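# Summary of structural features
Letter by letter, the chains look like this.
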Amino acid sequence: MKKKTYVIFEHTADIGIRVSGSNLKDLFKNAGLAIFELSSEKISNQDKSHKEISIQQKADNLEELFLNWLNEVLSLSAAKGVIFESFKFKRLDEKNLQAVGVGSSITNYKVNTEIKAATYHQLKIKKNKSGWQAEVILDV
Amino acid sequence: MSEQIHLEKIDDYRWRIPKSYKPGMRVPGLIYADEKLLKDIYQDKALEQVANVAFLPGIVDNSLAMPDIHWGYGFPIGGVAATDIEEGGVISPGGVGFDINCGIRLVRTDLRYEDIKDKLSDLVYALFNGVPAGVGSKGDIRVSAREEKELLVKGAKWAVEQGYGTQEDLECTEENGAISGADPEAVSQRAYERGKAQSGTLGSGNHFLEVQVIDQLFDAELCDTFGLDLGQVTIMIHSGSRGFGYQVCEDYVKNMVHCLNKYNINVPDRQLACAPVNSPEGKMYLGAMRCAANYAWANRQCLMHLTRLAFEKIFASSWQKLGMFLIYDVAHNIAKVEKYEINGKEKNLCVHRKGATRAFPPNHPALPERYKKTGQPVIIPGDMGRNSYLLVGTEKAVETFYSTCHGAGRVKSRTASTKSTNLNVLLKDLESKGIMVKASGRATLVEEAPSAYKDVNDVVNVVHRAGISKRVCRMRPVGVIKG
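The structure contained in this document is the topic of the report that follows. Just so we're clear, the structure is a prediction, and the values are computed from it rather than from any experiment.

## Quick look at the overall build of chain A
Within chain A, the regular secondary structure consists of 2 helices and 9 strands. Taking all 140 residues of chain A together, the buried fraction comes to 45%. Excluding contacts between residues fewer than 6 apart, the proportion of contacts in chain A whose partners are at least 24 apart in sequence is 63%.

Right, here's the structure in full:
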């Protein structure tokens, strides 16, 4: 069975997620995938085409980079009509990110929850014994 | 939990967070609630957020919270903050939210409940089929790239020019459906891309279209003026600026996080990122936010047009003959520049309403002639199982920068609501109350179950008793379309 990489925590109006990863790339990847797993379920495989979209972000610090990353994948998903199914990182440090997202057509999915954006409110990223953990509140 | 905050009681409906609660607060917090609602308010972190908003540079009088307040991100939902533009007052995209000009419109009809009850099922299906709803839903109302820029400036007027309404509809819309100062150049290409094809779509989450019946009159004279009576059918449409608005907000939060250092602004939460209204960043955000506001007014105008078409189909009559006239359309997520007298001086304030409704009093210059005597119609939706309200603005509301509540306000998280709600039981319960529901997703229904919300009757009671708006009539839902 696939190991659960995130849990939901309670927020009155929105959704909070606590994500973990064995390293920074893993954390970013898991958080990116979590927002699509939360919002949508695959219902068909009719459109077999896959779109590769390159994603680049710069920020002043790690928290900002993490938030920009989540908002960029949400925004690209809505604008390009894809649901991301995997991410590969070419580069990731505290201030820069270069990645490729592979997405399947949104028509293969049923989107149950519209996630508008990720927010800075109570955003936390920390390194712990087993790797990295982040908490972020998503506006739904 | 906000239990550590000690509130000072001012009267039965007003409670203060003193400035001394947190170093950095520039003004006190002022919460409109009664003891019953306060119990819910204490359950989450909304009061802490009221205190955080009081840090904003240039904030005037109080950081305000309406009785439907709950925990948001940055601002609480139900928060109001006015900043003095000439005194370095700031504008914060987080004080408007991602769904810019999320708002509500109320349409009257000449139909009575007896006229629709046997056709309710057909009507609900016609509305569900005619009005695109659901996440990322796309509409039949297509807008070319060139037209989209025009739409962002003209707002609901664009829709009327396409034949989706009348001049009278515009008169009954806040800002006549188009706020001036919209700057399409301040909008990113991505926002255009996200907004494309979503005009005339309802969206999902708490957005809805409801067929309602008036079940209580509070002010017979005002009801007469609005042409409303017991048993009469009304329609409520709740939607916003869709993906276009989310992207505008995101772009400018990203930008304004850097303004905190640049303008030496100290706020306890980066989601309160802001810039002086008069700074280049502040002006650009205002220009882009106004585009999104106009997008939302065009969207709700298109949604009303589609609603009128569905009614015409079911009742084989024109919408004019059915008396389907707009009462009013008002935003509840927006920042507006408005004039107020502060210490004897007229000031231009930037009023943020984040889950709060503008409520102008009788004779306010911004009101159309038809509402000069009544005051501005204020539309308050409740949850899908209880009630909604029509109120009017009052002079007393100058203390809240003419603002009031915007809805029932959530009390239970979406996950908690999903865990505790059985969809079949919910639908049976609604059916027993004579409410028919059609939704594009099961998830939305359980997340939006009535038990997830405060009782709108309690919320409206507070704003009425506190005098910051006045009850006109109450509606109950009979047909609900959800995204």
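## Some details on the overall build of chain B
A count of helical and extended segments in chain B gives 16 helices and 19 strands. The C-alpha radius of gyration computed for chain B amounts to 21 Å, which stays within 12% of the reference 23 Å derived for 483 residues, consistent with globular compactness. C-alpha atoms of chain B, sized along the principal axes, occupy 60 × 50 × 45 Å. The buried share among the 483 residues of chain B stands at 62%.

## Examining the environment of Asn71 of chain A
Relative to the helices and strands, Asn71 of chain A resides in helix 2 (residues 62-80). Along the backbone, Asn71 of chain A and Ser20 of chain A are 51 residues apart, and their C-alpha atoms lie at a distance of 18 Å. When neighbours within four sequence positions are excluded, Asn71 of chain A is seen to be in contact with Ala117 and Ala118 of chain A together with Glu250 of chain B.

## Structural notes on the sheet that holds strand 4 (residues 50-58) of chain A
One key point about sheets: their strands pair by backbone hydrogen bonds, in either a parallel or an antiparallel sense. All names here are of chain A. A sheet is described by the order of its strands in space; here 3 strands give the open sequence 4-6-5, paired in antiparallel fashion. Single-partner strands in this sheet number two, and they are strand 4 and strand 5 (82-92). Pairs of neighbouring strands in the sheet enclose a mean axial angle of 25°, with direction left out of account. Two elements, strand 5 and strand 6 (residues 96-105), share 9 bridges in a ladder whose sense is antiparallel. Within strand 6, the position partnered with Phe84 by the bridge is Gly103. Sheet strands in contact with helix 2 are strand 4, strand 5 and strand 6, and its direction is about 145° off that of strand 4.

## Topic: the interface of chain B and chain A
Taken together, the 34 residues of chain B in the interface contact 26 residues of chain A. With 6 residues, the top contributor of residues to the side of chain B that touches chain A is helix 10 (residues 242-256) of chain B. The residue makeup of the side of chain B that touches chain A, split by class, is 10 nonpolar, 13 polar and 11 charged.

## Notes on the nonpolar core
Counting 205 residues, the largest nonpolar core has Leu70 of chain A together with Tyr32, Val248, Cys274, Met289 and Ala292 of chain B as the members making the most contacts within it. Ignoring anything within four residues of it in the chain, the contact list for Met289 of chain B reads Val96, Ile100, Val248 and Ala335 of chain B.

## What to know about the sheet that holds strand 12 (residues 333-342) of chain B
All names here are of chain B. Reading across from one edge, 1-2-3-4-5-13-12 is the order of the 7 strands in this open sheet, with mixed pairing throughout. Each end of this open sheet is capped by a strand with a single partner; those strands are strand 1 (8-11) and strand 12. Adjacent strand axes in the sheet meet at a mean angle of 40° when their direction is disregarded. Across 4 bridges, the pairing between strand 4 (residues 63-73) and strand 5 (residues 75-84) is antiparallel. Note on strand 5: the bridge partner recorded for Tyr73 is Phe75. Relative to the sheet, helix 2 (residues 46-53) contacts strand 2 (14-17), strand 3 (29-32), strand 4 and strand 5, its axis offset from that of strand 5 by approximately 15°. This element, helix 16 (residues 456-465), spans strand 3 and strand 4 of the sheet and lies at about 145° to strand 4.

## Things to note about the environment of Ser403 of chain B
Residues and elements named next belong to chain B. By the secondary structure assignment, Ser403 is in strand 17 (residues 403-404). In the structure, Ser403 is positioned 33 residues away from Met436 in sequence and 32 Å away in space, judged by C-alpha atoms. Setting aside chain neighbours within four positions, we find Ser403 in contact with Leu64, Val80, Arg353, Ala356, Thr357, Arg358, Ala359 and Ala397.

## Some words on helix 10 of chain B
Compared with an ideal rise of 1.5 Å per residue, which puts 15 residues at 21 Å, helix 10 of chain B spans 22 Å between its outermost C-alpha atoms and is within 8% of the ideal. Counting buried positions over the 15 residues of helix 10 of chain B gives 13, a clear majority of the element.

## What about the packing of helix 10 of chain B against helix 12 (residues 280-315) of chain B?
Residues and elements named next belong to chain B. With their axes 9 Å apart at the nearest point, helix 10 and helix 12 run at an angle of 170° to one another. In terms of their interaxial angle, helix 10 and helix 12 are classed as roughly antiparallel. Only Glu281, Tyr285, Ala288, Met289, Ala292, Tyr295, Ala296 and Asn299 of helix 12 make contact with helix 10, whose side of the interface consists of Arg242, Phe244, Gly245, Val248, Tyr252, Asn255 and Met256. Partitioning the contact of helix 10 with helix 12 into residue classes produces 10 nonpolar, 3 polar and 2 charged.

## As for helix 14 (residues 423-432) of chain B
Burial analysis of helix 14 of chain B places just 1 of its 10 residues in the buried class, a small minority of the element. Backbone geometry just after helix 14 of chain B places Gly434 of chain B at a positive phi near 80°.

## Re the packing of helix 1 (residues 24-39) of chain A against helix 2 of chain A
Residues and elements named next belong to chain A. Axis separation between helix 1 and helix 2 bottoms out at 10 Å; the angle between their running directions is 40°. Note on packing geometry: the crossing formed by helix 1 with helix 2 is right-handed. Where helix 1 abuts helix 2, its residues Phe28, Ala31, Gly32 and Ile35 lie against Phe66, Trp69, Leu70, Val73 and Leu74. Within the contact of helix 1 with helix 2, the residues separate by chemical class into 8 nonpolar, 1 polar and no charged.

Reading guide: rules and limits
- Residues numbered from 1 in each chain as written.
- Chains lettered and ligands numbered in written order.
- Predicted model: local features only at pLDDT ≥ 70, side-chain atom pairs only at ≥ 80, totals over all residues.
- Helix = DSSP H or I, 4+ residues; strand = E, 2+ residues; numbered from the N terminus.
- Buried ≥ 20, exposed ≤ 12 C-beta atoms within 10 Å, placed from the backbone.
- Contact = placed C-beta atoms within 7 Å.
- Rg over C-alpha atoms; globule rule 2.2 N^0.38 Å.
- Pairing = 2+ DSSP bridges.
- Axes fitted to C-alpha atoms, helices over the stretch in contact; angles between N-to-C directions.
- Nonpolar A, V, L, I, M, F, W, Y, C, P; charged D, E, K, R; others polar.
- Core = buried A, V, L, I, M, F, W, Y, C linked by C-beta atoms within 7 Å.
- Expected span 1.5 Å × (residues − 1).
- Parallel < 35°, antiparallel > 145°, perpendicular 65-115°, else oblique.
- Left-handed = near helix turned anticlockwise from the far one by under 90°.

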